[in-house]
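Each chain is listed here by its residues.
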Amino acid sequence: MVTAVHTLESRAITHLMTVMRDASTPHEAFAAHARRLMRLLAEEGIACLPHTRIEVTTPCGTFVGEKLLVASAVCAVSIMRAGDSLVEEVRAAWPGVRVGKLLIQRDEQTAIPRLFYEKLPADIARMHVLLCDPMLATGGSAMMAIDALLKRGVRAAFIIFLNVLSCPEGIARVHAAHPAVQIITCATDERLNERKFIVPGLGDFGDRFYGG
Ligand code: URA
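Bear in mind that the values here come from a model prediction, so they are computed numbers and not experimental data. (Residues numbered from 1 in each chain as written. Predicted model: local features only at pLDDT ≥ 70, side-chain atom pairs only at ≥ 80, totals over all residues. Heavy atoms only, no water.)

Visitor: Which residues make up the environment of Arg21, and what values do they have?
Guide: One can find Arg21 in helix H1 (residues 11–21). Exposure remark for Arg21: the relative accessible area of 25% places this residue in the partly exposed category. For the pair Arg21 and Phe205, spaced 184 residues apart in sequence, the C-alpha separation works out to 9.9 Å. Setting aside residues up to four positions removed in sequence, Arg21 forms contacts with Leu165, Ala187, Asp189, Pro200, Gly201, Leu202 and Arg208. Within the structure, the side chain of Arg21 is placed 2.8 Å from the side chain of Asp189, a separation counted as a polar contact. (Helix = DSSP H or I, 4+ residues; strand = E, 2+ residues; numbered from the N terminus. Buried < 20%, exposed > 50% of the residue type's maximum accessible area, 1.4 Å probe, protein only. Contact = heavy atoms within 4.5 Å. Polar contact = N/O pair within 3.5 Å; in protein donor to acceptor, adjacent residues only side chain to side chain.)

Set out below in structure tokens:
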């Protein structure tokens with residue numbers, strides 16, 4: 001189990017994130033760099049699922065490593081639309097992973113989120129969930145998504161929330177309500193601005209990834 005907030009740190013993350021943060025990066029380059037970064041994030045999320053130690057025979061000896069324990073009981077859940085981009089990287093890393101979708105949109109004026117659509121596997125209550133949303137801002141959408149999962153019987157300790165960028169406000173809100181939920185992020189920025197965007201952030205992830 002990882003600690004409450006696990007930050008992915010590497011030269012690759014810094015490099016990819018710098019290109020993504022740059023407001024002059026065009027849509028296509030943003031999407032390409034975001035995909036590369038999210039593949040690393042997806043791999044980390046998968047690696048943080050329960051594993052067991054296993055000894056393998058290499059061509060030259062033996063090696064004690066780890067093997068995924070819960071291969072048949074994992075669901076990647078997208079908070080649409082931006083979360084779809086991250087779920088695709090989980091699927092690229094692990095083609096057989098189950099997939100669920102939640103459509104939660106925040107009102108442009110009030111930033112209050114609303115759940116419009118939910119499509120989750122019938123047996124999700126027994127599963128570990130990789131909850132995918134690239135941006136953890138106010139935490140409103142995350143809270144609504146976690147509530148939807150808990151209502152379906154998912155255990156909070158079985159939820160790993162993956163995001164590209166987070167901020168202290170969002171992390172604090174999710175953790176106050178759901179301390180057992182693990183968060184894996186690539187960076188935690190300073191704060192939210194008056195429009196509830198992360199500062200310095202990278203702008204609207206969905207618009208930049210999908211081209212508007
Ligand atoms: N969603 C985004 O895409 N960007 C932010 O800064 C906050 C929420």
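Visitor: Please provide a residue-by-residue account of the sheet that holds strand E6 (residues 113–119), values included.
Guide: Each strand in a sheet pairs with its neighbour through backbone hydrogen bonds, running either in the same direction (parallel) or in the opposite one (antiparallel). Here seven strands make up an open sheet; going across it, the order is E1-E11-E9-E7-E4-E5-E6 and the pairing mixed. Either end of the sheet is taken by a strand with one partner, and the two such strands are strand E1 (5–7) and E6. If you compare each strand with its neighbour and ignore which way they point, the axes differ by 20° on average. Two strands pair when backbone bridges link them, and strand E7 (residues 128–132) and strand E9 (residues 159–163) are joined in this way by four bridges, in the parallel orientation. Residue Cys132 lies in a different strand from E9, and its bridge partner there is Leu162. (Pairing = 2+ DSSP bridges. Axes fitted to C-alpha atoms, helices over the stretch in contact; angles between N-to-C directions.)

Visitor: Residues and numbers for the nonpolar core, please.
Guide: Judged by nonpolar contacts, the single largest core of 41 residues is most densely connected at Leu37, Val90, Leu162, Val164 and Phe205. Counting residues per element, the ones that place at least two in this core are H1, helix H2 (27–47), strand E4 (74–80), helix H3 (82–93), E7, E9 and helix H6 (205–210). The residues touching Leu162, leaving out its near neighbours within four places in the chain, are Leu41, Ala42, Gly45, Leu86, Val90, Leu130, Leu131, Cys132, Asp133 and Ile184. Membership of the second largest hydrophobic core comes to 23 residues, among which are Cys75, Ile159, Phe161 and Val181. (Core = buried A, V, L, I, M, F, W, Y, C linked by side-chain atoms within 4.5 Å.)

Visitor: Quick one: what's the story with the environment of Val87, residue by residue and with numbers?
Guide: Mapped onto the elements of the fold, Val87 is located in helix H3. On a C-alpha basis, the gap between Val87 and Ala73 in space is 16 Å, while along the polypeptide they are 14 residues apart. Not counting chain neighbours up to four residues away, the residues in contact with Val87 comprise Ala76, Val77, Ser78, Val99 and Cys132.

Visitor: I'd like a description of the environment of Phe197, backed by residues and values.
Guide: Take Phe197: it is sitting in the loop between strand E12 (191–192) and strand E13 (198–199). For Phe197, a relative accessible area of 21% gives the class partly exposed. Residues Phe197 and Cys167 lie 30 residues apart in sequence; the distance between their C-alpha atoms is 9.7 Å. For Phe197, the contacting residues outside a window of four places in its chain are Arg106, Arg191, Leu192, Gly203 and Asp204.

Visitor: Got a sec to walk through unusual backbone geometry? Specific residues and values, please.
Guide: Glycine aside, residues mostly have negative phi, and peptide bonds are mostly found in the trans state. Met80 connects to Arg81 through a cis peptide bond whose omega is -5°. Relative to the elements of secondary structure, Arg81 occurs in the loop between E4 and H3. Here Lys196, not a glycine, exhibits a phi torsion of approximately 65°, which is positive. Looking at where Lys196 falls in the secondary structure, it is placed in the loop between E12 and E13. Classification of Lys196 by relative accessible area gives partly exposed; the value is 35%.

Visitor: I'd love a proper account of the packing of H1 against H2, names of residues and values included.
Guide: Viewed as axis vectors pointing N to C, H1 and H2 meet at an angle of 150°, and their least axial separation amounts to 9 Å. Overall, the two elements H1 and H2 adopt an arrangement that is roughly antiparallel. In the packing of H1 onto H2, the handedness of the crossing is left-handed. Facing H1, whose interface residues are Ala12, Ile13, His15, Leu16, Met17, Val19 and Met20, H2 presents Phe30, His33, Ala34, Arg36, Leu37 and Leu40. Of the residues belonging to the contact of H1 with H2, the class tally is ten nonpolar, two polar and one charged. (Parallel < 35°, antiparallel > 145°, perpendicular 65-115°, else oblique. Left-handed = near helix turned anticlockwise from the far one by under 90°. Nonpolar A, V, L, I, M, F, W, Y, C, P; charged D, E, K, R; others polar.)

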